[in-house]
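Each chain, letter by letter, is given below.
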Amino acid sequence: MFKEILELTKKLVSIASVNTTSGEHDISCFIESYLRDIPYFKGHPNQVIIQKLKNDFLDRRNVFALIKGEKGNSKETIIFHGHVDTVGIEDFGELKDFAFNCDELMKKLKNVKLDLEVEKDLNSGDWLFGRGACDMKSGVAVFMVILKHLCEKVKDIDGNILLSVNPVEENLHTGIIEGLEVLEELKEKENLNYLIAINNDYICPLYPGDTKKYVYTGAVGKILPCFYIQGKETHVAQCFEGFDSSMVAAELVKLINLNSEFCDGYKNEYTLPPSVLKMKDLKPQYNVQTSFTSFVYFNYFIHNLSIKEILIKLREIAQKALSNVLKDINEKYKNYCKLTKVNYKEIEYITQVLEYDEVYKISKKKFQGNIDTYIEEITNKCISGNMDKREIPLEITKKLCSIAGIKIPTIVIFFAAPYCPHNTLKDEIVEEKKTYNEILKIVKEFSEKSSEEFEVMQFFPSLTDSSYLKIDDDNESIDILIGNFPEYKKLYNVPLQKIKKLNIPAINYGCYGKDAHKWTERVYMPYTFKILPDLVMKTLKNYFLI
């Protein structure tokens with residue numbers, strides 16, 4: 001299959017399917033055409049399913065293809081899934097025109113000053129360069145070619161294979177989220193039992209000199225905790241008479257950003273620490289008033305913590321930020337008093353930390369009318385004005401704080417989009433442990449045969465569509481999340497109960513590459529086009545005795 005996968009990868013790369021462009025539509029149409037040209041699907045046209053995304057201005061669509069094994073009547077099903085959108089090509093600079101042409105790009109790279117490792121890989125002839133070659137069109141090509149070959153041996157298969165190819169992974173995961181409807185419909189209509197879903201999202205070295213290939217049995221989760229900060233304004237000529245919200249924002253960043261105390265672990269695998277993604281005061285223009293309100297939010301990865309536990313940690317750190325700022329103001333005021341020979345008197349403030357749900361309940365009691373209708377009106381107005389999805393919950397929170405009559409320095413914690421559920425195969429759950437041990441056995445046997453060194457890990461470390469196939473949060477955690485996520489259903493309506501019901505174990509094998517999202521993005525062909533397909537086939541044989 002090597003040559004066939006190589007040529008298909010080049011073809012997929014040549015379709016410029018950059019996220020939020022018409023290329024996402026074009027590549028789905030190409031994949032549909034490829035599948036419909038396969039004799040098996042010509043005889044079973046209804047088993048290629050096209051799902052157009054709802055209200056999508058680019059007419060993007062999910063492509064599904066179902067092979068039904070004819071050796072027996074088994075309803076056991078393995079899903080192949082992957083995404084076909086890519087990030088942009090601005091980083092290619094003068095090579096932008098060649099980003100989607102693998103052969104031409106590699107010719108041009110011969111005349112570019114490259115890092116030694118990149119130059120070595122280019123000259124080896126074993127690496128294919130191009131936007132999307134690694135993340136993750138080669139992985140999709142592997143699935144498509146395997147599916148084509150399996151179509152020729154349906155009489156030998158006692159089970160089913162379902163291909164799911166999705167757009168919009170690189171930002172909001174809309175493809176896989178809407179695709180859950182099709183997975184649910186097929187499950188009910190065909191009485192399918194989803195054993196596992198294999199993703200081929202890229203894998204890569206985890207440290208310099210690393211040659212291991214990693215298999216992941218779950219996906220890291222992500223939340224976006226946001227902090228709306230309300231202080232006490234003052235004129236700069238009376239600067240010690242205020243409580244500057246920007247100082248609180250800065251203190252939150254100092255306490256949370258890159259702090260390994262927030263790393264979440266399960267079975268000795270740990271997330272990266274939180275990273276600040278936005279920090280700003282909310283003054284609309286210049287004046288000589290200190291900042292009254294500010295806003296900051298963080299990327300926060302999760303492996304095992306519940307939303308309840310996370311909120312406890314966030315509340316504690318937010319209260320600490322307020323206390324630290326008050327202490328800092330007093331120390332600076334004391335020094336100023338000493339300098340100017342003025343009697344020092346301690347500056348005192350009552351401060352508080354609230355969750356959005358608490359502000360909502362206070363404002364609901366005070367509001368003259370239907371608070372939910374009011375919030376919906378704010379949301380609709382913001383959406384029609386194309387406001388950023390992080391700014392809309394902020395706007396709602398600001399308005400509710402005003403209605404609630406909050407006057408003292410306050411931090412309000414809420415969540416905003418995107419939210420990616422975390423999942424893995426847990427020892428504590430009998431069926432999950434059984435699946436984990438099955439994957440472990442497959443990989444161990446394959447490692448001995450292939451002479452590749454593999455390591456099975458619990459969590460794929462990057463954001464992935466696999467997050468939306470299984471969710472480990474319990475119902476209490478889900479309710480707390482939604483209760484503190486302003487207008488969740490309108491702004492990021494992930495069907496959490498549907499995911500819990502499907503509960504599909506998410507395994508990532510992955511094409512092997514380097515520098516995803518960089519202009520030196522490349523995929524290692526000997527592994528990806530030869531060994532990876534064998535691993536996938538080994539898995540199918542294990543489950544379906546092909």
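Cut-off values and rules
Residues numbered from 1 in each chain as written. Predicted model: local features only at pLDDT ≥ 70, side-chain atom pairs only at ≥ 80, totals over all residues. Heavy atoms only, no water. Pairing = 2+ DSSP bridges. Helix = DSSP H or I, 4+ residues; strand = E, 2+ residues; numbered from the N terminus. Axes fitted to C-alpha atoms, helices over the stretch in contact; angles between N-to-C directions. Contact = heavy atoms within 4.5 Å. Salt bridge = Lys/Arg side-chain N within 4 Å of Asp/Glu carboxyl O. Parallel < 35°, antiparallel > 145°, perpendicular 65-115°, else oblique. Nonpolar A, V, L, I, M, F, W, Y, C, P; charged D, E, K, R; others polar. Core = buried A, V, L, I, M, F, W, Y, C linked by side-chain atoms within 4.5 Å. Buried < 20%, exposed > 50% of the residue type's maximum accessible area, 1.4 Å probe, protein only. Phe/Tyr/Trp six-rings, centres within 6.5 Å; stacked < 30°, edge-to-face > 60°. Lys NZ or Arg CZ within 6 Å of the ring centre and 35° of its normal.

Visitor: Hey, could you run me through the sheet that holds strand E12 (residues 293-302) in this one?
Guide: Strand-to-strand pairing in sheets goes through backbone hydrogen bonds, with the strands running parallel or antiparallel. An order of E11-E12-E8-E14-E13 is seen for the 5 strands of this open sheet, with the pairing classed as mixed. Strands at the two margins of the open sheet, each flanked by one partner only, are strand E11 (275-281) and strand E13 (352-355). Strand-to-strand twist in this sheet, taken as the mean axis angle between neighbours without regard to direction, amounts to 20 degrees. Bridge analysis of E13 against strand E14 (residues 410-420) gives 4 bridges, and the strand direction is parallel. Each residue of the ladder has a partner; that of glutamate 355, found in E14, is isoleucine 413. Along the sheet face, helix H12 (residues 391-404) touches strand E8 (221-230), E11, E12 and E14 and points at about 155 degrees away from the line of E14.

Visitor: Explanation requested: the pattern of salt bridges in the structure shown.
Guide: Opposite charge on two side chains permits pairing when their charged atoms draw close. Tallied over the full model, the rule gives 39 salt bridges. Among the salt bridges present, the one from glutamate 104 reaches lysine 107, with a minimum N-O distance of 3.3 Å. One end of the pair is glutamate 104 and the other is lysine 107, both in helix H4 (residues 102-109) and 3 residues apart, which spans about a single turn. In the salt-bridge network here, residues are joined through shared partners; they are Glu117, Asp121, Lys514, Asp515, Lys518 and Arg522.

Visitor: Hey, could you run me through the sheet that holds strand E17 (residues 513-514) in this one?
Guide: As summarised here, the arrangement of the 3 strands in space is E4-E18-E17, forming an open sheet in which the pairing is antiparallel. Of all the strands in the sheet, the pair left with one neighbour each is strand E4 (127-129) and E17. Relative to strand E18 (residues 522-524), E17 runs antiparallel, the two being bridged by 2 bridges. Pairing of glycine 513 across the sheet is with valine 523, part of E18.

Visitor: Sorry if this is basic, but what is going on with the packing of helix H10 (residues 356-366) against helix H11 (residues 371-384) here?
Guide: Think of two packed helices as two axes; the pair is described by the angle between the axes and how far apart they sit. Contact geometry of H10 with H11 gives a least axis separation of 10 Å together with a crossing angle of 120 degrees. On the basis of the axis angle, H10 is oblique to H11. Only Ile371, Asp372 and Ile375 of H11 make contact with H10, whose side of the interface consists of Tyr356, Tyr360, Ser363 and Lys364. For the contact of H10 with H11, the residue count by class is 4 nonpolar, 1 polar and 2 charged.

Visitor: Hey, could you run me through the nonpolar core in this one?
Guide: It is characteristic of soluble globular proteins that their nonpolar side chains tend to be buried jointly. Within the largest apolar cluster, 88 residues are counted, with the highest numbers of intra-cluster contacts made by Ile31, Leu35, Phe41, Phe80, Leu163 and Tyr509. Membership of the second largest hydrophobic core comes to 64 residues, among which are Val296, Leu305, Leu311 and Leu496.

Visitor: How should the packing of aromatic side chains be read in this particular structure?
Guide: A ring pair, where both rings are aromatic, is described by two values, the distance of the centres and the angle of the planes. A full pass over the atoms with the stated rule returns 23 aromatic pairs. Residues phenylalanine 262 and tyrosine 300 carry aromatic rings whose centres are separated by 6.0 Å and whose planes lie at 85 degrees to one another, so their mutual orientation is edge-to-face. In this pair, phenylalanine 262 is assigned in the loop between helix H8 (245-256) and strand E9 (265-266) and tyrosine 300 in strand E12, connecting sequence segments 38 residues apart. Tyrosine 300 shares its class with phenylalanine 262; the two are buried. Each ring, one from phenylalanine 367 and one from tyrosine 374, has its centre 5.0 Å from the other, and the planes form 35 degrees; the classification is tilted. What makes phenylalanine 367 partly exposed here is its relative accessible area of 21%. Its end group placed over the ring of tyrosine 527, lysine 213 keeps NZ or CZ at 5.4 Å from the ring centre. Above the plane of the ring of tyrosine 436 lies lysine 267, whose end atom (NZ or CZ) is 5.0 Å from the centre.

These results come straight from atomic positions and should not be treated as a statement about function.
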